[in-house]
Amino acid sequence: MTEPVEPAERIEPASPERLIYFSDAVAAIAITLLALELPVPGAEAHADSGVQHFLREHLTEYFAFLVSFAAIALQWMLHQRLFRYVTGLSGGAIRWNLL
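If you're wondering where the values come from, they're calculated on a predicted model, not measured in any experiment.

What counts and how
- Residues numbered from 1 in each chain as written.
- Predicted model: local features only at pLDDT ≥ 70, side-chain atom pairs only at ≥ 80, totals over all residues.
- Heavy atoms only, no water.
- Axes fitted to C-alpha atoms, helices over the stretch in contact; angles between N-to-C directions.
- Helix = DSSP H or I, 4+ residues; strand = E, 2+ residues; numbered from the N terminus.
- Parallel < 35°, antiparallel > 145°, perpendicular 65-115°, else oblique.
- Contact = heavy atoms within 4.5 Å.
- Nonpolar A, V, L, I, M, F, W, Y, C, P; charged D, E, K, R; others polar.
- Expected span 1.5 Å × (residues − 1).
- Buried < 20%, exposed > 50% of the residue type's maximum accessible area, 1.4 Å probe, protein only.
- Arc of directions from axis to C-beta.
- Phe/Tyr/Trp six-rings, centres within 6.5 Å; stacked < 30°, edge-to-face > 60°.
- Patch = residues over 30% accessible without salt bridge, like charges linked within 9 Å, V, L, I, M, F, W, Y side chains within 5 Å.
- Areas by Shrake-Rupley, 256 points an atom, 1.4 Å probe, with all protein chains shown as cover.
- Salt bridge = Lys/Arg side-chain N within 4 Å of Asp/Glu carboxyl O.

**As for the packing of helix 1 (residues 17-36) against helix 3 (residues 59-83)**
The N-to-C vectors of helix 1 and helix 3 enclose an angle of 175 degrees; their axes lie 10 Å apart at closest approach. When the axis of helix 1 is compared with that of helix 3, the two are roughly antiparallel. For the pair formed by helix 1 and helix 3, the contact residues are Leu19, Ile20, Ser23, Asp24, Ala27, Ala30, Ile31, Leu34 and Ala35 on the first element and Phe65, Ser68, Phe69, Ile72, Trp76, His79, Gln80 and Phe83 on the second. Class assignment of the residues belonging to the contact of helix 1 with helix 3 gives a composition of 12 nonpolar, four polar and one charged.

The structure is reproduced here in structure tokens:
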């Protein structure tokens, strides 16, 4: 007669808070890096007409920033909405999040 085999020790899922904080930090850093590349007006843009001229010259950079900002912000909001319901994480979920 064989002895009953004990079930393998159940591994408790990890708390999602650390992964959520990590993802928040990654989004914040990505947005900050986007802003660092924006051109800054110099001394020649000291009046309204100078600022308007500067913005017209760099409209594409500022538009690209806004589109990229919106994409990162949307992804972050969806991540927040999804992880609101998560109570535990496995290694696979963590790896998928990093991707």
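**Topic: helix 1**
The terminal C-alpha atoms of helix 1, which comprises 20 residues, lie 29 Å apart, in line with the 28 Å expected from a rise of 1.5 Å per residue. Within helix 1 the residues assigned to the buried category are Leu19, Ile20, Ser23 and Ala27. Taken around the axis of helix 1, the buried residues stretch over an arc of 105 degrees, which confines them to a single face. Exposed and oriented more than 90 degrees from the buried face of helix 1 are Arg18, Tyr21, Ile29 and Leu36. At its buried positions, helix 1 is contacted by helix 3 and helix 4 (91-98).

**Here's the deal with the packing of aromatic side chains**
Scanning the model with the defined rule gives one aromatic pair in all. Between the aromatic rings of Phe65 and Phe69, the centroid separation amounts to 5.9 Å while the plane-to-plane angle is 45 degrees, which identifies the pairing as tilted. Here Phe65 and its partner Phe69 are both found in helix 3, four residues apart, which amounts to about one turn of the helix.

**Quick look at the packing of helix 2 (residues 48-57) against helix 3**
For the pair helix 2 and helix 3, the least separation of the axes is 4 Å and the interaxial angle reads 70 degrees. The orientation of helix 2 relative to helix 3 falls into the category roughly perpendicular. For the pair helix 2 and helix 3, the contacting residues are Phe54, Leu55, Arg56 and Glu57 in the first and Leu59, Glu61 and Tyr62 in the second. When its residues are assigned to classes, the contact of helix 2 with helix 3 shows four nonpolar, no polar and three charged.

**Some details on a nonpolar patch on the surface**
On the surface, Leu74, Trp76, Met77 and Leu78 cluster together to form a nonpolar patch covering roughly 390 Å² of accessible area. Considering the arrangement of structural elements, one finds Met77 in helix 3. Under the relative-accessibility criterion, Met77 is labelled partly exposed at 47%.

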